[in-house]
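One-letter residues, chain by chain:
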Amino acid sequence: MMRVERAGRWSLIVSMLGVLMLSACVSMRAGGPTARAQAHTGLVAADHPLAAEAGAQMLRQGGNAVDAAVATSFALSVVRSDACGIGGGGFMLIHLNDDPRHGTTTVALNYRETSPAGVGPQTYAELDDPEASKRGGMAVAVPGTVAGLLHALETYGTLDRATVLEPAIALAEGGFDADAHHVRTARSLSDRFRRDARWRERFPLVWGGLTAQGTIEISERITLPGQARALRLIAEHGADAFYRGEIAEAIVASVTADGGVLTHQDLAGYAIRVVEPVSYELESHRVLSMPPPSSGGVAVAQILSLAERLDLTIPVTGWLEAADAHLLAESMKHAFADRSRHMADSAFTDVPVDQMLDDAELERVARSIEPNTVRDASAYGVIRVLPEDGGTSHISVIDARGNAVACTETINLAFGSLVGVRGFGFCLNDQMDDFTTIAGEANAFGLIQSDDNLPEPGKRPLSSMSPTIILDDHGEVVAVAGASGGPRIITSTAQALLRVLRGAATAAEAVDAPRIHHQWLPDAIFIETWDGVGPSTRLEAGLAKRGHALRERTDIGAVQLIRRDPQTGALDGAADPRKGGGVSGG
Ligand code: GLY
């Protein structure tokens, strides 16, 4: 299935050299190093250095930003198997600049997973298992990543399948070293696995392999020969290998053995959606982002717009002043309240995107925000809740021609459903948990959930993923960003972009800067801490005085961001130190 080996001294040195060579420059932040790079020849920022390097190899072979993003994503399937991969789904936003085949165009690919035909609005309410949408066969939605990546490659890329899949296959076969993020994620599950013999029997890929029975350590070598075989089949036979062939057989067998209902028809019937991006004018910039079922596209645009209307002061580095942090948090609360009130799969529900981005409405919201106090949570919208999830992975790419890709992918919780595909070494998603799983039932906060987002056959669950491209007023790309981290995807992406757009920060400064997070409910502001360093007492006092309940947490999102100077084409990229990302140049 897979092997974990203790790394020898030599392989450790080789791996460290590799990281140093891949990251043009590394600066220390209290929480760890920030990978950053400057180039004119294209940059790839990903949340694993080996995946960023896989994409950069495509740029060096003459490929464009799409080739690089696809190669990076397949590589992430191997090296970030806890967060994303061929068992999951995602969104890709592509902006092509004067492309020979497509001209100047922006397109959004929705390859989010769909609910299997056998799951309906009442399914989880009728199951006697509160974890059914989170772990095990019933949690698995129909994966979209392979269809999405191959559509992107075949329509907008320039290289062939074998070339873009080659680095991922090499990583799966030759192995890669577990890093701090992998070890931390693996250990977060160890106690449960140790206590639960059934989990150990049901999920051998994760327990026996990817987490080494809870003992995995940094620099242990992980090989995934099964996933290498799956990737080779995809390289040879395309999407059919996954949705109809040998891999489909193994997916259905693995899900069914764990009580799931995903069928061959679900897999064979999967189709990506090619959609218009959300496009929102922001003073001298245009924000391009993902439409529903992403909630992040609209929410990031709303937060950026409210920040502008409220004329926030955003420093290049360090904490915001309490007055600005308060206004930013209030903007976040309005965006998250709208998310809960209106957002779901727009193929099944009428989602009023234009209304949420209407200038008069945003102006009204901005004027309603009190500078010195919070309001009762009910003043922001109808009370509904959003799920907690923490996996996901974001890739930002800009190539030498000014083409850009923002791509965010996920298998949802750490290692997804935990169901490994027999013989093929990858985990299937638990994206069913991004649906509202039980209508009308009060959650842990005593709140009633929305039913717009209940599962239905073929429906895609609401997502926070927020791949974003910013253009200047001549239509030139100036920034690409996105993040992982559940609901914190939205707020960390918006804050990194605010640092660049309003604070003139470099990519590394924007990614590094400490963050806040407010998702309206729970009605508390989260303030980031790292390595024993707490937030400024002045900030906390200023927020408490305005009526905020304060909470601290580490790692508010993990952002990959690339800036571009439209005059010179110079690129400046950074990957988040919170997750040990990397940036590589073409
Ligand atoms: N599963 C994370 C998201 O889609 O927001």
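Rules used in this analysis
Residues numbered from 1 in each chain as written. Predicted model: local features only at pLDDT ≥ 70, side-chain atom pairs only at ≥ 80, totals over all residues. Heavy atoms only, no water. Phe/Tyr/Trp six-rings, centres within 6.5 Å; stacked < 30°, edge-to-face > 60°. Buried < 20%, exposed > 50% of the residue type's maximum accessible area, 1.4 Å probe, protein only. Helix = DSSP H or I, 4+ residues; strand = E, 2+ residues; numbered from the N terminus. Near = heavy atom within 4 Å. Polar contact = N/O pair within 3.5 Å; in protein donor to acceptor, adjacent residues only side chain to side chain. Areas by Shrake-Rupley, 256 points an atom, 1.4 Å probe, with all protein chains shown as cover. Nonpolar A, V, L, I, M, F, W, Y, C, P; charged D, E, K, R; others polar. Disulfide = S-S within 2.5 Å. Salt bridge = Lys/Arg side-chain N within 4 Å of Asp/Glu carboxyl O. Contact = heavy atoms within 4.5 Å. Pairing = 2+ DSSP bridges. Lys, Arg positive; Asp, Glu negative; His and termini not counted. Expected span 1.5 Å × (residues − 1).

Structural notes on the packing of aromatic side chains
Applying the stated criterion to the full structure yields six aromatic pairs. Measuring from centroid to centroid gives 5.1 Å for phenylalanine 193 and tryptophan 199, while their planes differ by 65°, and the two rings are edge-to-face. The exposure class of phenylalanine 193 is buried, given its relative accessible area of 0%. The buried category is assigned to tryptophan 199, whose relative accessible area is 3%. Judged by centre distance (5.1 Å) and plane angle (15°), the rings of phenylalanine 193 and tryptophan 207 are stacked. Of this pair, phenylalanine 193 sits in helix α7 (residues 180-195) while tryptophan 207 sits in helix α9 (residues 204-210), and the two are 14 residues apart along the sequence. In this pair, the class of phenylalanine 193 matches that of tryptophan 207, namely buried. In this structure an aromatic cluster arises from ring pairing among Phe193, Trp199, Phe203 and Trp207.

Considerations on unusual backbone geometry
With omega at 15°, the peptide bond leading from proline 292 into proline 293 counts as cis. Note on placement: proline 293 falls in the loop between β11 (285-289) and α14 (296-309). At the junction of leucine 521 and proline 522, the peptide bond is cis and its omega measures out at 5° in the coordinates. By the element assignment, proline 522 lies in the loop between β16 (516-517) and β17 (525-529). Here the phi dihedral of alanine 212 falls at roughly 50°; this positive angle occurs in a residue that is not glycine. Among the residues examined, alanine 212 registers a relative accessible area of 12% and is labelled buried.

Notes on the site of the ligand
With respect to spatial proximity, 10 residues lie near the ligand, and among them Asn412, Gln431, Asp434, Ser463 and Ser464 are the closest. Here arginine 112 contributes a side-chain N or O atom positioned 2.9 Å from an oxygen atom of the ligand. With respect to the ligand, the side chain of glutamine 431 contributes an N or O atom lying 2.9 Å from a nitrogen atom. When the ligand is considered free in solution it has 200 Å² of accessible area, and contact with the protein chains removes 99% of it. Looking at the shell around the ligand residue by residue, the class counts come to one nonpolar, six polar and three charged.

Topic: the state of the cysteines
Per the counting criterion, the structure on display carries zero disulfides. Cysteine 407 provides the cysteine sulfur closest to cysteine 84, a residue in no disulfide bond, and the two sulfurs are 8.7 Å apart. Overall, the relative accessible area of 0% leaves cysteine 407 in the buried class.

Focus: the pattern of salt bridges
Using the criterion set out here, one finds 34 salt bridges in the structure. Across the pair aspartate 433 and lysine 134 runs a salt bridge, and its minimum N-O distance is 3.6 Å. One end of the pair, aspartate 433, is in the loop between β13 (404-410) and β14 (468-471); the other, lysine 134, is in the loop between α4 (123-126) and α5 (145-156), with 299 residues separating them in the sequence. Overall, the relative accessible area of 7% leaves aspartate 433 in the buried class. Between aspartate 311 and arginine 502 there is a salt bridge; the shortest N-O distance is 2.8 Å. Taken together, the residues span a long stretch of sequence, with aspartate 311 in the loop between α14 and α15 (322-342) and arginine 502 in the loop between α18 (488-501) and α19 (507-512) at a distance of 191 residues. For arginine 502, a relative accessible area of 29% puts it in the partly exposed group. Taken together, the salt bridges that share partners define one network made up of Asp47, Arg80, Asp179 and Lys579.

What to know about the side chain of threonine 123
Looking at where threonine 123 falls in the secondary structure, it is placed in helix α4. When residues no more than four places from it in sequence are discounted, the contact partners of threonine 123 are Gly118 and Met138.

Describing the sheet that holds strand β18 (residues 550-554)
The strand order across the open sheet built from three strands is β16-β17-β18, with neighbouring strands paired in mixed fashion. Each having just a single partner strand, β16 and β18 make up the two edges of the open sheet. In this structure, β16 lies alongside β17, joined through two bridges in antiparallel fashion. Looking at β17, one finds that histidine 517 is bridged to phenylalanine 526.

Quick word on the environment of alanine 117
Its place among the elements puts alanine 117 in the loop between β6 (103-111) and α4. Residues alanine 117 and alanine 141 lie 24 residues apart in sequence; the distance between their C-alpha atoms is 9.9 Å. What alanine 117 contacts, discounting residues up to four positions off in sequence, is Asp266 and Pro457.

Description of the side chain of glutamate 113
With respect to the helices, strands and loops of the structure, glutamate 113 is situated in the loop between β6 and α4. No salt bridge forms around the buried glutamate 113; measuring N to O, its nearest opposite-charge neighbour arginine 112 is 4.1 Å away. Here glycine 89 takes part through its backbone nitrogen, which lies 2.9 Å from a polar atom of the side chain of glutamate 113. Within polar-contact distance, the side chain of glutamate 113 engages the side chain of glutamine 431 at 2.8 Å.

Some details on the environment of histidine 334
Following the sequence through the fold, histidine 334 ends up in helix α15. Taking the C-alpha atoms as reference points, histidine 334 and valine 287, separated by 47 residues in sequence, lie 19 Å from one another. Once residues lying within four places of it in the same chain are set aside, the contact partners of histidine 334 are Leu306, Val365, Ser368, Ile369, Arg375 and Tyr380.

Here's the deal with α18
The terminal C-alpha atoms of α18, which comprises 14 residues, lie 20 Å apart, in line with the 20 Å expected from a rise of 1.5 Å per residue. Buried residues dominate α18, accounting for 13 of its 14 residues.

Read these as geometric descriptors, not functional statements.
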